[in-house]
Amino acid sequence: MPLKFLVSAGPTREYIDPVRFLSNPSSGKMGFAVAKEAVKRGYECVLVSGPVNLRPPKGCRFIPVVSAEDMYQAIKKEFASCDVLIMTAAVSDFKPAKTLKQKEHKIAEKSILELVRTKDILKSLSPDKGKRIVIGFAAETNDLEASGKRKLFVKGLDMIVANDVSKPLAGFAVGKLNATFLYPKKEKERLGLISKASVARKLIDFAEQEAKNK
Ligand code: CTP
C-alpha cells in the first residue's frame, strides 16, 4: 500500500531580537532517521525540520523551517495530503510576546521577557485527522508513562514514543532513546535503551500495520 509520510524534526527557534532566540538542543536525528527509513521502503516522504546540522535523506522532500509558527504552517499545509504524520520535533511551547527589530543592548540590570504560548501543532490538527495515522513523541524527566498517556489522548494520537531523558545516555541530542511505546488501546511496550534507527523501523512497521487495519 503506497503511504505518504510527513515527518517533523529538530528544534524550533523563537527569536527575541535579530541575534538571540529561545530553543532547545534537539539534534533532529530521530526525525531524519524516520524519513530515511520511509524512503528506504519506497514511500513518499516530506520532512519538515527546524535548524539542524544534518543532510536530508536523498529521496524525501525537505522543508526547512525556523519557528514553531513556520512549522505549524508547513505541517498544516502538508497534512491534507499525507497518510502518516510523525512529529519528532521539539517544538518550543513559548515564544517572546514580541520580536524586537533591533538588537537589545544591556542597559538595564534586570530584564523580564514576556512569553506567549505557541500553537500546539498536533492538538490543532487532530480534529481533522480522519483516517490518518498520527504518532507523537514525548521527552520526559518524570512521570513518563502518565504524561505520555495524557498527551496520547489530548493530542488524539495512535501512538506516542515516551522517552525518559532523566538519564544521560538517552537525553536530548544523543544517539539513543530510553523508549516506551504507548497506545490508546493496546498494552504499552517498554523497549529500554534503543537506537534511533531501530525506533524509526518500528514506527514505520506500526504505520504499515495500522494502515492495513484502517
Ligand atoms: N508538539 C506539537 N506542538 C507543540 C508542542 C509539541 O505538535 N507546540 C508535539 C511534539 O512534536 C511531540 C508532542 O507534541 O510529538 C509532545 O510534545 P511535548 O513537548 O512532550 O509536549 P507538550 O505538548 O509541550 O506538553 P507539556 O508542556 O505538558 O510537556
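Higher on the page you've got the structure.
Keep in mind it's a predicted model, so treat the numbers as computed, not measured.

Novice: Could you clarify how one ought to interpret the overall build of the chain in this entry?
Specialist: A tally of helices and strands in the chain yields five helices and 12 strands. Burial status across the chain gives 46% buried among its 214 residues. Intrachain contacts of the chain at a sequence separation of at least 6 include 61% that bridge at least 24 residues. Taken as a whole, the chain presents about 11,800 Å² of accessible surface, with 52% of it coming from carbon and sulfur. Distance between charge centroids for the chain: 3 Å, based on 39 positive and 24 negative side chains.

Novice: Even after reading the chapter, I still don't get the side chain of Ser-8, so can you show me in this structure?
Specialist: Mapping Ser-8 onto the fold places it in strand E1 (residues 4–9). Classification of Ser-8 by relative accessible area gives buried; the value is 0%. Setting aside residues up to four positions removed in sequence, Ser-8 forms contacts with Gly-31, Val-48, Met-71, Ile-75, Ile-86, Met-87, Thr-88 and Ala-89.

Novice: Got a minute to help me understand the pairing of strand E4 (residues 44–49) in this structure?
Specialist: Successive residues of a regular strand alternate their side chains across the two faces of the sheet. When you tally the buried positions in E4, you get five out of six residues, the bulk of the element. The sheet contact formed by E4 and strand E5 (residues 61–64) spans four bridges and is parallel. In the sheet register, Val-46 faces E5, and the bridge partner there is Arg-61.

Novice: It is not clear to me how the pattern of salt bridges should be interpreted in this structure. Could you clarify?
Specialist: Scanning the entire structure with this criterion turns up 12 salt bridges. When the shortest N-O distance is used, the salt bridge between Glu-37 and Arg-41 registers 2.8 Å. A residue is classified by how much of its surface remains accessible, and Glu-37, at 9% relative accessible area, is buried. The exposure class of Arg-41 is partly exposed, given its relative accessible area of 27%. The salt bridge partner of Asp-205 is Arg-41, with a shortest N-O separation of 2.7 Å.

Novice: Even after reading the chapter, I still don't get the environment of Glu-114, so can you show me in this structure?
Specialist: Here Glu-114 lies in the loop between strand E7 (94–96) and strand E8 (115–117). The exposed category is assigned to Glu-114, whose relative accessible area is 55%. Residues Glu-114 and Lys-95 lie 19 residues apart in sequence; the distance between their C-alpha atoms is 8.5 Å. Not counting chain neighbours up to four residues away, the residues in contact with Glu-114 comprise Lys-95, Pro-96 and Ala-97.

Novice: Looking at this structure, I do not really get the site of the ligand. What am I missing?
Specialist: Near the ligand lie 15 residues; those nearest to it are Met-87, Ala-89, Lys-119, Lys-151 and Lys-155. At a separation of 2.8 Å, a nitrogen atom of the ligand approaches a polar backbone atom of Lys-119. One of the backbone nitrogen or oxygen atoms of Phe-137 is found 2.9 Å away from an oxygen atom of the ligand. The fraction of the free accessible surface of the ligand (570 Å²) that becomes covered by protein chains is 78%.

Novice: I tried to follow the pairing of strand E2 (residues 14–17) on my own but got confused; where do I start?
Specialist: Pairing geometry for E2 and strand E3 (residues 20–22), over three bridges, is antiparallel. Residue pairing across strands places Tyr-15 opposite Phe-21, the latter belonging to E3.

Novice: Please explain the packing of helix H1 (residues 29–40) against helix H5 (residues 196–213) as it appears in this structure.
Specialist: In a packed pair of helices, the relevant descriptors are the angle between the two axes and the axis-to-axis distance. Here H1 crosses H5 at 50 degrees, and the two axes come no closer than 8 Å. By the angle class used here, H1 and H5 are oblique. Handedness of the H1/H5 crossing: right-handed. Between H1 and H5, the residues in contact are Lys-29, Met-30, Ala-33, Val-34, Glu-37 and Ala-38 and Lys-196, Val-199, Ala-200, Arg-201, Leu-203 and Ile-204, respectively.

Definitions and cut-offs
- Residues numbered from 1 in each chain as written.
- Predicted model: local features only at pLDDT ≥ 70, side-chain atom pairs only at ≥ 80, totals over all residues.
- Heavy atoms only, no water.
- Helix = DSSP H or I, 4+ residues; strand = E, 2+ residues; numbered from the N terminus.
- Buried < 20%, exposed > 50% of the residue type's maximum accessible area, 1.4 Å probe, protein only.
- Contact = heavy atoms within 4.5 Å.
- Areas by Shrake-Rupley, 256 points an atom, 1.4 Å probe, with all protein chains shown as cover.
- Lys, Arg positive; Asp, Glu negative; His and termini not counted.
- Charge placed at Lys NZ, Arg CZ, Asp CG, Glu CD.
- Pairing = 2+ DSSP bridges.
- Salt bridge = Lys/Arg side-chain N within 4 Å of Asp/Glu carboxyl O.
- Near = heavy atom within 4 Å.
- Polar contact = N/O pair within 3.5 Å; in protein donor to acceptor, adjacent residues only side chain to side chain.
- Axes fitted to C-alpha atoms, helices over the stretch in contact; angles between N-to-C directions.
- Parallel < 35°, antiparallel > 145°, perpendicular 65-115°, else oblique.
- Left-handed = near helix turned anticlockwise from the far one by under 90°.

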